[in-house]
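Take a look at the letters that make up each chain.
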Number of protein chains: 2
Amino acid sequence: MKDGIETRLYVDAALTDGAVIDVGAERAHYLQSVLRLGAGETVALFNGRDGEWRARIDGIGKGWASLALRERTRDQRPESDLWLVFAPIKRARTDFTGQKAAELGVSLLWPIMTRHTRIKRVNTGRLAANAIEAAEQSDRLTVPEVRAPATLAAMIEAWPEDRPLILCDETGGTPIAAALSDPAVRGAGRAGLVTGPEGGFAQEELDRLRKLAFVTRVSLGPRLLRADTAALAALAVWQATVGDWVS
Amino acid sequence: MKDGIETRLYVDAALTDGAVIDVGAERAHYLQSVLRLGAGETVALFNGRDGEWRARIDGIGKGWASLALRERTRDQRPESDLWLVFAPIKRARTDFTGQKAAELGVSLLWPIMTRHTRIKRVNTGRLAANAIEAAEQSDRLTVPEVRAPATLAAMIEAWPEDRPLILCDETGGTPIAAALSDPAVRGAGRAGLVTGPEGGFAQEELDRLRKLAFVTRVSLGPRLLRADTAALAALAVWQATVGDWVS
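Residues numbered from 1 in each chain as written. Chains lettered and ligands numbered in written order. Predicted model: local features only at pLDDT ≥ 70, side-chain atom pairs only at ≥ 80, totals over all residues. Heavy atoms only, no water.

**Here's the deal with the domain arrangement of chain A**
Residues and elements named next belong to chain A.
Here is step 1 of the chain: Examined at the domain level, chain A breaks down into domain 1 (8–74) and domain 2 (82–241).
Here is step 2 of the chain: Taken over C-alpha atoms, the centre of domain 1 sits 32 Å from the centre of domain 2.
Here is step 3 of the chain: Contacts between the two partners involve nine residues from domain 1 and, on the opposite side, eight residues from domain 2.
Here is step 4 of the chain: Here domain 1 meets domain 2 over a buried area of about 810 Å², counting both sides, of which 55% is carbon and sulfur.
Here is step 5 of the chain: It is Arg8, Tyr10 and Arg74 in domain 1 that bury the most area against domain 2; as a group they hold 58% of the surface buried on that side.
Here is step 6 of the chain: Scanning the region where domain 1 abuts domain 2 turns up three salt bridges. (Domains from an automatic or database assignment. Contact = heavy atoms within 4.5 Å. Buried area = accessible area lost by both parts, 1.4 Å probe. Salt bridge = Lys/Arg side-chain N within 4 Å of Asp/Glu carboxyl O.)

Next up, the structure:
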């Protein structure tokens, strides 16, 4: 608990009047040994469906904590419908991407394997844990879904055609703000952003992506951006110009 | 040198036809022991004034490297006139801010000490080194200036009144994209962004900032952002909507 901000925990369980929640060993340890909270103290719980609730620690011990729901403090409301599809990079930068993307409101994180991706395996549990912690701290009422890694081809195959896919293309494209002002993109109310690995997309990958009707190629300016910087920057611009920062 | 991208080094020395540059012990070590470059190989040099030059390693040894300029490959051109004023946070996040801000084109990094800033001392040498490395890798022809830390009051005192100061205010403000579309802000051709520490600005600091004619308060949406995320997000939105990502 920092700077007087209430401790917020994401849980799976249904949150209803009178419910008693067992938060599991890991969260119990966090409450007891990291935050040094004891019985009688309150935290906030959310599960992505039932709003936010104030809960009182009824009992806490080694590996367990039991929390009693007191009152609903916020109603559930719709959050951004924004997906981030990204070629994973080394661990620290993937951690960073999961944290920052959650703060910037993504609803889904989807790692993709591309021609120049050097990472063989993505720790999706770790990615989800980073995203959940950032969601808790950023005052969200949902946490991002983390999808299992797919090849670029499988991602394209599975892509819903009514969701604009904004391709951050370092070889060029429409300046991002202009691209996002297109009524077909703005009006959709949802989007996905896709960023490549440190080596960029291969030419045949770009050729394939550019041909798809739901893909809009965008440029992020004249400088070379690292993959994680590009993802964060594009998410911020989307939120500021189309998403929930607009009003 | 990754992915075939040329090694780029920032140097202080004047870059002119026929010049021979001694890059110093640290850079020599980097060229020899990290990149494993030897005599006869080429790198690119820039100094923020004389464009970019191709240089050949004439000689290299323990703690020294001598580079001969071959030809100018790019002319110097104006870059973004964008300052980032930020309350420093813990080391890893300050490192990150220096790196990402340089990628996103800031011309000046200025740490400020605010009421809730917990860091007592800023390692400006480390901040500059992070910014320089990111400038080298992002293909810039300049590096950000790093200014000595100042109190918020001293910063305000020294602020040039013809430079809009965009205050990222977590207590509320005009949505950032709308604020940046104001002709007085867009038309200035330069700006500064200011972000607070993890605990936010104190109320009297906000009151003081809001009264200044050159300050525009902006909101970065409904979620709580970490200080470093707010800085990077605001920089990206500025570049995308006013800066050099526009065309």
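**Let's talk about the nonpolar core**
A general tendency of soluble globular proteins is for nonpolar side chains to be buried together.
Here is step 1 of the chain: Grouped together as the largest cluster of nonpolar side chains are 70 residues, with contacts concentrated most on Leu84(A), Ile176(A), Trp245(A), Leu84(B), Ile176(B), Leu235(B) and Trp245(B).
Here is step 2 of the chain: If we skip the residues at most four places from it in the chain, Ile176(A) touches Val218(A), Ser219(A), Leu220(A), Ala234(A), Val237(A), Ala240(B) and Trp245(B). (Core = buried A, V, L, I, M, F, W, Y, C linked by side-chain atoms within 4.5 Å. Buried < 20%, exposed > 50% of the residue type's maximum accessible area, 1.4 Å probe, protein only.)

**A short note on the relation of the copies chain B and chain A**
Here is step 1 of the chain: With an RMSD of 0.0 Å, the fit of chain B onto chain A corresponds to turning through 180° and sliding 0.0 Å along the axis. In short, the pair behaves as if placed about a two-fold rotation axis. Measuring from the rotation axis to each C-alpha of chain B, the shortest distance belongs to Val237(B), at 2.6 Å.
Here is step 2 of the chain: Residue by residue, 100% of the interface of chain B is reproduced at the interface of chain A, so both copies engage with the same surface. (Least-squares fit on C-alpha atoms with pLDDT ≥ 70 in both.)

**With respect to the pairing of strand 13 (residues 215–219) of chain A**
Residue and element names in this part refer to chain A.
Here is step 1 of the chain: Where strand 10 (residues 165–168) lies against strand 13, four bridges are found, and the strand directions are parallel. Residue pairing across strands places Ile166 opposite Thr216, the latter belonging to strand 13.
Here is step 2 of the chain: Strand direction decides the pairing type here: strand 11 (residues 174–175) and strand 13, joined by two bridges, are parallel. Bridging from a neighbouring strand, Pro175 pairs with Ser219 of strand 13. (Pairing = 2+ DSSP bridges. Helix = DSSP H or I, 4+ residues; strand = E, 2+ residues; numbered from the N terminus.)

**Regarding empty space enclosed by the protein**
Rolled over the atoms, a probe sized like a water molecule indicates the empty space that remains.
Residues and elements named next belong to chain A.
Here is step 1 of the chain: In the structure shown here, the tally under the stated rule is two cavities of 30 Å³ or more.
Here is step 2 of the chain: Considered as a void within the structure, the largest cavity measures approximately 40 Å³ in volume.
Here is step 3 of the chain: When contributions to the lining of the largest cavity are tallied by element, the ones reaching two or more residues are helix 2 (91–103) and helix 8 (227–241).
Here is step 4 of the chain: The residue inventory of the lining of the largest cavity, partitioned by class, reads seven nonpolar, one polar and two charged.
Here is step 5 of the chain: What lines the second largest cavity is Phe86, Ala87, Ile89, Thr97, Thr195, Gly196, Ala227, Asp228 and Ala231. (1 Å grid on protein atoms, 1.4 Å probe; cavity = no way out; pocket = protein on both sides within 12 Å on 5 of 7 lines; lining within 4 Å. Points joined across faces, edges and corners; volume = space filled by probe spheres on them. Nonpolar A, V, L, I, M, F, W, Y, C, P; charged D, E, K, R; others polar.)

**Describing the sheet that holds strand 4 (residues 52–61) of chain B**
Residues and elements named next belong to chain B.
Here is step 1 of the chain: The strand order across the open sheet formed by five strands is 1-3-4-5-2, and the pairing between neighbours is mixed. Of all the strands in the sheet, the pair left with one neighbour each is strand 1 (8–10) and strand 2 (20–22). Across the sheet, the mean angle separating the axes of adjacent strands is 40° when strand polarity is ignored.
Here is step 2 of the chain: Strand direction decides the pairing type here: strand 2 and strand 5 (residues 64–74), joined by three bridges, are antiparallel. Paired with Ile21 across the bridge in strand 5 is Leu67.
Here is step 3 of the chain: Docked against the sheet, helix 3 (residues 124–137) engages strand 1 and strand 3 (42–46), running at close to 140° with respect to strand 1. (Axes fitted to C-alpha atoms, helices over the stretch in contact; angles between N-to-C directions.)

**What about the environment of Lys62(A)?**
Residue and element names in this part refer to chain A.
Here is step 1 of the chain: Among the secondary structure elements, Lys62 is positioned in the loop between strand 4 (52–61) and strand 5 (64–74).
Here is step 2 of the chain: Judged by relative accessible area, Lys62 falls into the exposed class, the value being 85%.
Here is step 3 of the chain: Along the chain, Lys62 and Glu26 lie 36 residues apart, while their C-alpha atoms are 10.0 Å from each other.

**Description of the interface of chain B and chain A**
Here is step 1 of the chain: Taken together, the contact between chain B and chain A spans 41 residues of the former and 41 residues of the latter.
Here is step 2 of the chain: Here chain B meets chain A over a buried area of about 3300 Å², counting both sides, of which 56% is carbon and sulfur.
Here is step 3 of the chain: For chain B, the biggest contributors to the area lost against chain A are Arg223(B), Leu224(B) and Trp245(B); these three give 22% of the whole.
Here is step 4 of the chain: Applying the counting rule to chain B against chain A returns 20 residue pairs in polar contact (both at pLDDT 80 or more).
Here is step 5 of the chain: Mapped by element, the contributors of at least two residues to the side of chain B that touches chain A are helix 2 (91–103), helix 5 (176–180) and helix 8 (227–241) of chain B.
Here is step 6 of the chain: By residue number, the principal contributor to the side of chain B that touches chain A is helix 8 of chain B, which donates nine residues.
Here is step 7 of the chain: Considering only residue class, the side of chain B that touches chain A consists of 18 nonpolar, ten polar and 13 charged. (Polar contact = N/O pair within 3.5 Å; in protein donor to acceptor, adjacent residues only side chain to side chain.)

**Examining the sheet that holds strand 5 of chain A**
Residues and elements named next belong to chain A.
Here is step 1 of the chain: Across the sheet, five strands lie side by side as 1-3-4-5-2; this open sheet has mixed pairing. Two strands bound the open sheet, and with one partner strand each, they are strand 1 (8–10) and strand 2 (20–22). Strand-to-strand twist across the sheet, computed as the mean angle between neighbouring axes with direction ignored, equals 40°.
Here is step 2 of the chain: Two elements, strand 3 (residues 42–46) and strand 4, share five bridges in a ladder whose sense is antiparallel. Across the sheet, residue Phe46 finds its bridge partner in strand 4, namely Glu52.
Here is step 3 of the chain: Along the sheet, helix 3 (residues 124–137) contacts strand 1 and strand 3; its crossing angle with strand 1, the most-contacted strand, is approximately 140°.

**Some words on the layout of surface pockets**
Here is step 1 of the chain: The calculated volume of the largest pocket comes to roughly 700 Å³.
Here is step 2 of the chain: Lining the largest pocket are 38 residues, and of these Glu170(B), Glu198(B), Leu224(B), Leu225(B) and Arg226(B) lie nearest its centre.
Here is step 3 of the chain: At the level of elements, helix 2 and helix 3 of chain A together with helix 7 (203–210), strand 13 (215–219) and helix 8 of chain B are the ones that each hand at least two residues to the lining of the largest pocket.
Here is step 4 of the chain: The element contributing the most residues to the lining of the largest pocket is helix 3 of chain A, with four residues.
Here is step 5 of the chain: Split into classes, the residues belonging to the lining of the largest pocket amount to 14 nonpolar, 13 polar and eleven charged.

**Describing helix 7 (residues 203–210) of chain A**
Residue and element names in this part refer to chain A.
Here is step 1 of the chain: Of the residues making up helix 7, those classed as buried are Glu205, Leu206 and Leu209. Buried residues in helix 7, looked at end-on, bunch into an arc of 100°, giving them a common side.
Here is step 2 of the chain: In this structure, the buried residues of helix 7 make contact with helix 4 (152–158), strand 10 and strand 13. (Arc of directions from axis to C-beta.)

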